[in-house]
Amino acid sequence: MPRFSVIVPVYHVQAYLHACLDSVLGQSFGDFELIVVDDCSPDGSGEIADAYAARDRRVSVLHLAENVGLGMARNAGLARASGDYVLFLDSDDTYAPGALAAVAARIDATGQPDLLIFDYDRTYWNGEAERNQFSALLAQTGPDVFSLDEHPGLLRLIMVAWNKAYRRDFLAKVGVAFPAGYYEDTPWTYPLLMAAETIALLDQVCVHYRQRRKRGILHTTSRRHFEIFRQYDLLFAFLDSRPDLERWRTVLFRRMLDHLTTVFNLPDRLPRSSRPEYFRRCRAQYRKLRPDGFRFALSRRSGVRYLLVALGARRTFQALGSLHRLRLRTARRARAAGGRLRDAALHAYYLLQRRRPLDPDLAVFSAYWDRGYACNPAAIEGTLRELAPHMRTAWVTTEEYAHTLPPGVTRLQPGSAGYWKAMARASYLVSNVNLHHRYAKRPGQTNVQTHHGTPLKHMGVDLLQHPAAAHGMDFERMLRHVDRWDYSVSASRHSSLVWERAYPSAFTCLEYGQPRTDVFHRATPEDVLALRDGLGVPRTATALLYAPTHRDYQSGYLPALDLPRLAEELGPGVVLLLRTHYLYPPGAGPVHPRIIDVSAHPSVEELCLASDGLVTDYSSLMFDYAGLDRPVVLHVADWDTYRATRGVYFDVTAHPPGLVARTQEELTDILATGSWSGPRAAQLRAAFRARFCPYDDGHAAERVVRRVFLREDGGLPSVVPLPDRHPAAPLHHSPTRPAARPLP
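Residues numbered from 1 in each chain as written. Predicted model: local features only at pLDDT ≥ 70, side-chain atom pairs only at ≥ 80, totals over all residues. Heavy atoms only, no water.

Colleague: Looking at this model, I keep getting lost on a positive patch on the surface. Mind explaining?
Modeller: A contiguous patch of positive charge, built from Arg 325, Arg 329, Arg 332, Arg 333 and Arg 335, is present on the exposed surface. Locating Arg 335 in the fold gives a position in helix H11 (residues 314-353). The exposure class of Arg 335 is exposed, given its relative accessible area of 56%. (Patch = residues over 30% accessible without salt bridge, like charges linked within 9 Å, V, L, I, M, F, W, Y side chains within 5 Å. Areas by Shrake-Rupley, 256 points an atom, 1.4 Å probe, with all protein chains shown as cover. Salt bridge = Lys/Arg side-chain N within 4 Å of Asp/Glu carboxyl O. Lys, Arg positive; Asp, Glu negative; His and termini not counted. Charge placed at Lys NZ, Arg CZ, Asp CG, Glu CD. Helix = DSSP H or I, 4+ residues; strand = E, 2+ residues; numbered from the N terminus. Buried < 20%, exposed > 50% of the residue type's maximum accessible area, 1.4 Å probe, protein only.)

Rendered as structure tokens:
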């Protein structure tokens, strides 16, 4: 008996079916049966499914004699299911890598619940992905297992069948089935949620819900949308048969009214001629199913809506709806006009402040488009306060990142009057990205561009040869911004040559090292231990930091590794610290007991110190980490694609900072055998470190401060030779080896 039965109904999806089935069969967790139900599809979907069944014994195909619709096709697949748990997947959607492994692990951890609910994202034709807007409901803040009474907010989730795993004997006990027609998930999902004694949650995106450019069946204009009334009749008939669930009647009645009126309000659902009849049916449904004692408040919009349905006042309902939409449009336009007026007033204020003298003791800092206290600017700011206490420093960031600022640093809200005053009057401005396009440099102001890493991929004007990666960049505007730079901080001769070529202008290159790596040479063993404890890393575990970079040819976080599988194969002695790129929201990664998502941690340097080794692809973090002199492993499965689309300055696979893996299997072998921290890895790292980290000795920020702020032309700290540098040592040097596993 397999652990899972995955049921995929198929109808007219030949363009998407390969991706769907591949996403199931490519899961690291393989204990499942895949039941494909060909609902008499008129295209080649049935033949595609048969080809998969011929190649993989886990696949079976059921060809229906006639087209019966999505719900009945699911029932046919369910009748064949033999797994402990049943999952449904629509044939144009896909599973995320590691989804079934995460589902299985969560089911085991929560004692085989009746239902497990997991998350999804909406993926669009252009590659963009948007996580479920109610994903916060899946965050586990209470008991691991509960009933709907303890978590009624789950009713706000989309009522679909494919975001859940169902224990098969629970389905048999409840005895529900999918009905025919549109909105078939309604009389399926609500009864199961109400009847489940044990529900568990998995706060992880497991399904990529495809949003077709030409939208699906429910977005077609048809009288078939009248089938929604029958589906709610079935739902309330189920409630009638279960007196023990009577407490949910009023809640479901409100949900029904909201659903019925939503369908009515959507412009693309009902034929125009059928709208009066539909509204009359809404009124009849209200009268037929209204619970005893049902009340609503006319002070709320929903209450007014319910009253108009009860009265059958369609024209008034439509008029008020039109008035509401007009009010929203008017408010949006008023906000836009107010925003333009505010922007004009702030710009006038900025121009006025520019007439006042510069403040010689004010320095303004920012990093990563105002995302908090970080990177090279933070290292320089901290050193400036130590060496020049008479200077006042201000940091541009939003309230969201205010907690990252150290005491004594003034926060400037981006775009505020205080921000523009500081931009007009500060004598020094330091950032690792370009400043606001409305900022105009004044005579006497000094701009320091620190960048945010050593360049591997093409930058600046070098992207002219890679338009796909440039994403429509305005190169003329970029160069106008570059012309504001006085100094460009560089970590090595390689960086200097790249910055001067990629950003042709008259700035002075300060080849002083990477200031953000100074902390590597100041941290003590006690600091390292405290950082690990703060992240929840067991003291006996080896911590591997996994930090992949952004791909220009992809949208959203699409993991290149199956991390749950990697964690399982490396064994209990290894913990993976997942650091997604800052362009992606935290929480995009998979859930696993030995995977800690550190994407929201404010300091990547602290994560480096807390880890024993780095696994990355093309991230500039490899250059910093090499200066820390700890093992680095590269996973470069898409090297040829990355190099072709973005362009690179050298072949990192030929001159790497450590061992290189082209596949996940190779990576697992490198890590499991301990060769990642062996002599060959150390030899590669030493050569890489000598080439790219010649000045990363703990004094880079001091050199910048003394040269730029204190105007000391000579006497800067001498560079410590590589053999004499002693960055903070890791807690462990190699992972605990798991039991030997057979080679593939």
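Colleague: Any chance you could explain the sheet that holds strand S11 (residues 392-396) here in plain terms?
Modeller: Adjacent strands of a sheet pair through backbone hydrogen bonds, lying either parallel or antiparallel. Pairing in this open sheet of seven strands is parallel, and the strands run S12-S11-S10-S13-S14-S15-S16 from one edge to the other. This sheet does not close on itself; its edge strands, each paired only once, are strand S12 (410-412) and strand S16 (508-511). Taking the axes of each pair of neighbouring strands and ignoring which way they run, one obtains an average angle of 25° across the sheet. Note that strand S14 (residues 446-449) and strand S15 (residues 487-490) share two bridges and pair parallel. Bridged to Gln 449 within S15 is Ser 488. Sitting on the sheet, helix H16 (residues 493-502) touches S15 and S16, and the angle it makes with S15 is about 145°. (Pairing = 2+ DSSP bridges. Axes fitted to C-alpha atoms, helices over the stretch in contact; angles between N-to-C directions. Contact = heavy atoms within 4.5 Å.)

Colleague: Would you explain the sheet that holds strand S17 (residues 542-547) in this entry?
Modeller: The sheet built from six strands is open, its strands ordered S19-S18-S17-S20-S21-S22 with parallel pairing. Looking at strand neighbours, the two that pair on one side only are strand S19 (595-597) and strand S22 (659-661), the edges of this open sheet. The average angle at which neighbouring strand axes cross in this sheet is 25°, direction not considered. Pairing between strand S21 (residues 632-635) and S22: three bridges, direction parallel. Across the sheet, the residue bridging to Val 633 is Leu 659, located in S22. Docked against the sheet, helix H20 (residues 621-628) engages S17, strand S20 (613-616) and S21, running at close to 160° with respect to S20.

Colleague: Any chance you could explain the packing of aromatic side chains here in plain terms?
Modeller: Any aromatic ring pair is given by two values, namely how distant the centres are and how the planes are angled relative to each other. Counting across every chain of the model gives 38 aromatic pairs. Taking the centre distance of 6.1 Å and the plane angle of 15° together, the rings of Phe 264 and Tyr 278 count as stacked. Taken together, the residues span a long stretch of sequence, with Phe 264 in helix H8 (residues 249-265) and Tyr 278 in helix H9 (residues 275-289) at a distance of 14 residues. Taking the relative accessible area as the measure of exposure, Phe 264 reaches 1% and is therefore buried. For Tyr 278, a relative accessible area of 0% translates into the label buried. An aromatic cluster is defined as three or more aromatic residues linked by ring pairs; in this entry it consists of Phe 226, Phe 229, Phe 264, Tyr 278, Phe 279 and Phe 317. Sitting over the face of the ring of Phe 264, Arg 275 holds its NZ or CZ atom 4.2 Å from the ring centroid. The ring of Phe 650 has Arg 691 lying over it, and the distance from NZ or CZ to the ring centre is 4.9 Å. (Phe/Tyr/Trp six-rings, centres within 6.5 Å; stacked < 30°, edge-to-face > 60°. Lys NZ or Arg CZ within 6 Å of the ring centre and 35° of its normal.)

Colleague: It is not clear to me how the environment of Val 13 should be interpreted in this structure. Could you clarify?
Modeller: Here Val 13 lies in the loop between strand S1 (4-10) and helix H1 (14-25). Relative accessible area serves as the criterion here: at 3%, Val 13 is assigned to the buried category. Val 13 sits 77 residues away from Asp 90 along the chain, and the two C-alpha atoms are 9.8 Å apart. Among all residues touching Val 13, those that are not within four sequence positions of it are Asp 43, Ser 45, Ser 91 and Arg 212.

Colleague: Honestly, the packing of H11 against helix H13 (residues 417-425) in this entry has me stumped. Any pointers?
Modeller: Axes are the key here: two packed helices are described by the angle between their axes and the distance separating the axes. Two numbers describe how H11 lies on H13: the axes approach to 8 Å, and their chain directions differ by 30°. Relative to H13, the element H11 is oriented roughly parallel. Pair H11 / H13 crosses with right-handed handedness. Between H11 and H13, the residues in contact are Leu 346, Tyr 349, Tyr 350 and Gln 353 and Ala 417, Trp 420, Lys 421, Met 423, Ala 424 and Arg 425, respectively. Of the residues assigned to the contact of H11 with H13, the class counts are seven nonpolar, one polar and two charged. (Parallel < 35°, antiparallel > 145°, perpendicular 65-115°, else oblique. Left-handed = near helix turned anticlockwise from the far one by under 90°. Nonpolar A, V, L, I, M, F, W, Y, C, P; charged D, E, K, R; others polar.)

Colleague: What exactly am I supposed to notice about H1 here?
Modeller: Because the α-helix completes a turn every 3.6 residues, residues three or four places apart line up on one side. For H1, which comprises twelve residues, the first-to-last C-alpha distance of 17 Å matches the rise-based estimate of 16 Å (1.5 Å per residue) to within 8%. Of all the positions in H1, only Leu 17, Cys 20, Leu 21, Ser 23, Val 24 and Leu 25 are classed as buried. The elements touched by buried residues of H1 are S1, strand S2 (32-38), helix H2 (45-55), strand S3 (59-63) and strand S5 (94-95). (Expected span 1.5 Å × (residues − 1).)

Colleague: I tried to follow the pairing of strand S9 (residues 199-211) on my own but got confused; where do I start?
Modeller: One face of the sheet, then the other: side chains in a regular strand alternate in exactly this way. Burial runs high along S9: ten of the 13 residues are buried. Bridge count between S5 and S9: two bridges; the pairing is antiparallel. Residue pairing across strands places Thr 94 opposite His 208, the latter belonging to S9. Strand direction decides the pairing type here: strand S6 (residues 115-124) and S9, joined by ten bridges, are parallel. Bridge pairing links Phe 118 to Leu 202 in S9.

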